[in-house]
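Commentary on secondary and tertiary structure
One-letter residues, chain by chain:
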Amino acid sequence: MLEVALIYGFINSVILALTALGFSLTFGISGVSNFAYGAMYIFAGYASWLLLNKLAIPFFLAASIAVFLTALLGAAMYRFVLLRVRGLVISEVIATFGVGLIILELFRYLGFSGFEYTLPVFSDGSLLIGNTYVDYQRIWIVGVGLFLAVGLYLFIHHTKLGLAFRGIAQDEHTALSLGINSDRIAGISVAFGSGLAAVAAILILPRGTISVNDGYDVLINAMAVCIIGGLGSSVGVVLASFLIGYAQITTDILSGPHWKMIISLIAILLILVVKPSGLLGKQKELEERI
Amino acid sequence: MKQRRKERIDRGIKARSDDVFSLNSFREMLYVAVPPIAPVLLLIILPLVLPSYWQKVLISTCIFALLAMSWDFLVCVGMVSLGQALFFGVGAYVAGILNKLVGLPIWVDIPIATVLGGAICAVLLTPVLRLRGVYFSMVTLVLPLMLERIVEASGMFGGTEGISGIKPFPNPLVESYVIVFITLFALFAFRRLVTTDYGLVLKAIKDNDRAVMSVGINIYWMKAQALFIAGCVGAFCGAFMTHVYGFVGMPSFALDFSILPLSAAVVGGMGTFAGSFVGAFILVPFSEALRGIGGLRIVLYSFFLVLFIVALPEGIFHYIQRKYQQFERWVEVDK
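What you see is a predicted model, and the numbers here were worked out from it, not measured in a lab.

Helix and strand content of chain A: 12 helices and two strands. Listing each helix as α and each strand as β along chain A from the N terminus yields α-α-α-α-β-β-α-α-α-α-α-α-α-α. Relative to its length of 290 residues, chain A is compact, with a C-alpha radius of gyration of 19 Å against a globular reference of 19 Å. Dimensions of chain A along its principal axes, counting C-alpha atoms only, are 55 × 45 × 35 Å. Counting only residues that meet the buried cut, chain A has 52% of its 290 residues in that class.

Residues L21, A44 and I202 of chain A are the most contacted members of the largest nonpolar core, which totals 201 residues. When near neighbours in sequence (up to four residues on either side) are disregarded, L21 of chain A contacts L148, A149, L152, L196, A200 and V237 of chain A.

With 36 residues of chain A in contact, the opposing surface of chain B contributes 36 residues. Counting only elements with at least two residues in the side of chain A that touches chain B, the list comes to α4 (89–109), α9 (213–229) and α11 (260–274) of chain A. Per element, the largest residue contribution to the side of chain A that touches chain B is 15 residues, and it comes from α4 of chain A. Among the residues making up the side of chain A that touches chain B, the classes are represented as 27 nonpolar, four polar and five charged.

Attention now goes to the environment of I13 of chain B. All names here are of chain B. Looking at where I13 falls in the secondary structure, it is placed in helix α1 (residues 12–17). A residue is classified by how many C-beta atoms lie within 10 Å of it, and I13, with 17 of them, is partly exposed. A sequence separation of 14 residues divides I13 from R27, and the C-alpha atoms of the two residues are 8.7 Å apart. Look past the residues within four positions of I13 in its chain and what remains in contact with it is E28 and Y31.

Before going further, it helps to spend a moment on unusual backbone geometry. Phi is positive for F273 of chain B, close to 65°, though the residue is something other than glycine. Along the chain, the position of F273 of chain B falls in the loop between α11 (256–268) and α12 (274–289).

What follows deals with helix α8 (residues 182–204) of chain A. Taking 1.5 Å as the rise per residue, α8 of chain A with 23 residues should run 33 Å; its terminal C-alpha atoms sit 32 Å apart, in good agreement. The buried fraction of α8 of chain A is high, at 20 of 23 residues.

All right, on to the confidence of the model for chain B then. Detailed reading of predicted coordinates is not advised where the pLDDT is low. Of the residues in chain B, 98% reach a pLDDT of 70 or more, and the chain-wide mean stands at 84. Mean pLDDT values for the elements of chain B range from 77 in strand β2 (residues 163–164) of chain B up to 90 in helix α10 (residues 219–245) of chain B.

Residue and element names in this part refer to chain A. In contact at an axis separation of 9 Å, helix α1 (residues 2–29) and helix α5 (residues 136–158) are set at 30° when each is read in the N-to-C sense. Judged by the inter-axis angle, α1 sits roughly parallel to α5. With respect to the hand of their crossing, α1 and α5 are arranged in left-handed fashion. Across the interface between the two elements, I11, V14, I15, A17, L18, L21, L25 and I29 of α1 pack against R138, I141, V142, G145, L146, L148, A149, L152 and I156 of α5. Looking at the contact of α1 with α5, its residues break down into 15 nonpolar, one polar and one charged.

The rules we used
Residues numbered from 1 in each chain as written. Chains lettered and ligands numbered in written order. Predicted model: local features only at pLDDT ≥ 70, side-chain atom pairs only at ≥ 80, totals over all residues. Helix = DSSP H or I, 4+ residues; strand = E, 2+ residues; numbered from the N terminus. Rg over C-alpha atoms; globule rule 2.2 N^0.38 Å. Buried ≥ 20, exposed ≤ 12 C-beta atoms within 10 Å, placed from the backbone. Core = buried A, V, L, I, M, F, W, Y, C linked by C-beta atoms within 7 Å. Contact = placed C-beta atoms within 7 Å. Nonpolar A, V, L, I, M, F, W, Y, C, P; charged D, E, K, R; others polar. Expected span 1.5 Å × (residues − 1). pLDDT = per-residue confidence, 0-100. Axes fitted to C-alpha atoms, helices over the stretch in contact; angles between N-to-C directions. Parallel < 35°, antiparallel > 145°, perpendicular 65-115°, else oblique. Left-handed = near helix turned anticlockwise from the far one by under 90°.

Have a look at this one:
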């Protein structure tokens, strides 16, 4: 029992981190709201399903095209909606939330639900760890998730683009004076975040059927992880994912799957009371807390 | 280089009627009196003339207008809620429980649900008050979804079945007039409230909270009060609709109650309350006329939301107000 909890808690934590990475890159690191994040995730799922089943494109090609399309969708949303309301926090939130709702509810209206909407796993079979069977897809998730988390850390600390992402969140005017085109960087950040959402979707969705409601759950989980980890900290995202991930698995085992999602909410409220800037958030600590 | 620019000038009648001289002529008196009196007359006459189906539409229009005003009020204090369904659902459940399980009569349980619901919402959202920015939006987005899950998971208050058999209003005319008068009262009360000293403090919190703190005002307490007021209005909507449907259940936390008020307020124009009112009276009957589209409703609302935020952020009400008070002309300017 303990072994199952440990292994599946670990996997659940990596899944959370994976879903939160894109949101954290856009919102946490660059300070651009993207409340359409859950919609991007679902869009990638359905896009690769359509490419795979309607156009009969091989899976890995279809998945790559889906990631590209989602990033493009993010960039388009930035160019035509977000750019026009940049700087007005209220409008940013409302506009991106609206775009997300349009995408999600459109899929619901078009009748994209049912058992046929599944993505194939990368490779079949399972592995025996101790006495617990773990299928290869989950191994893939853990591998890619850890790789991306480390990659993101290196990217935002050691590349010019990554430093520019952090720069526009810390002080946009100073960033401008150093020759960083903040509008363009913010757009790239939204596109990257959407692309990461798509990667997460293609890895995670094969575990079950694709459903529109997942979009809301993904957004909630991503927000929870970002708030708890602290804005601007990629280590915080991983730490928060492990906290929530293990808490979720523990509640799942002790009191049933229904209570699993409620953990995120309780965690958000607790952390906002105790340490509003998150576990490891330093950036803008003073400005966000009044 | 010559360029053209649009110049806006107050109409003569606006300039004259701003002052006490408006009493000089009937035309100017009408100019001042028509805008506030028109909605009142309209709402008082409508329940008498509408067929019974459209009376139900009128009721839900008023409900959404109230929710939109409560959203607008929170925006005035700098809090953008993405979950008006929270207020609605809490009010609905409190009223349902009081009526069905405690057995209170309808005229007692609605006021209690209004106040108690407002208080519950304010308490639930207190942790977020110490933060600025998008945290409030995030938590309000999460809360209704979570409460829905909690009800589903724990099976309390009827769980997925909900509570049915709640007593309806004695007759449809009473039902319509109660909601009509409350809506009109809320409209004028909110418009008055934000111009009082109290309202100025609330607006100042949005503009510069540190300045408000530095004059010795406890902004957390002020924000909690604003939340309570907005929560009361939202909870009243929930309590009222519980009695109209005769049922309360998980649909009370549905996304419709979050997104439609938001669209109504944005389409109508933020910050005036009259805008929310106008927006609701455009969007709700419109979507009712198109009710064949069913599930596309939320898509449509969101579409209008995004369209107006991007293309006409001032909203319809400000636009009409400008046309009513000013005329425009093109003038040549040097550049």
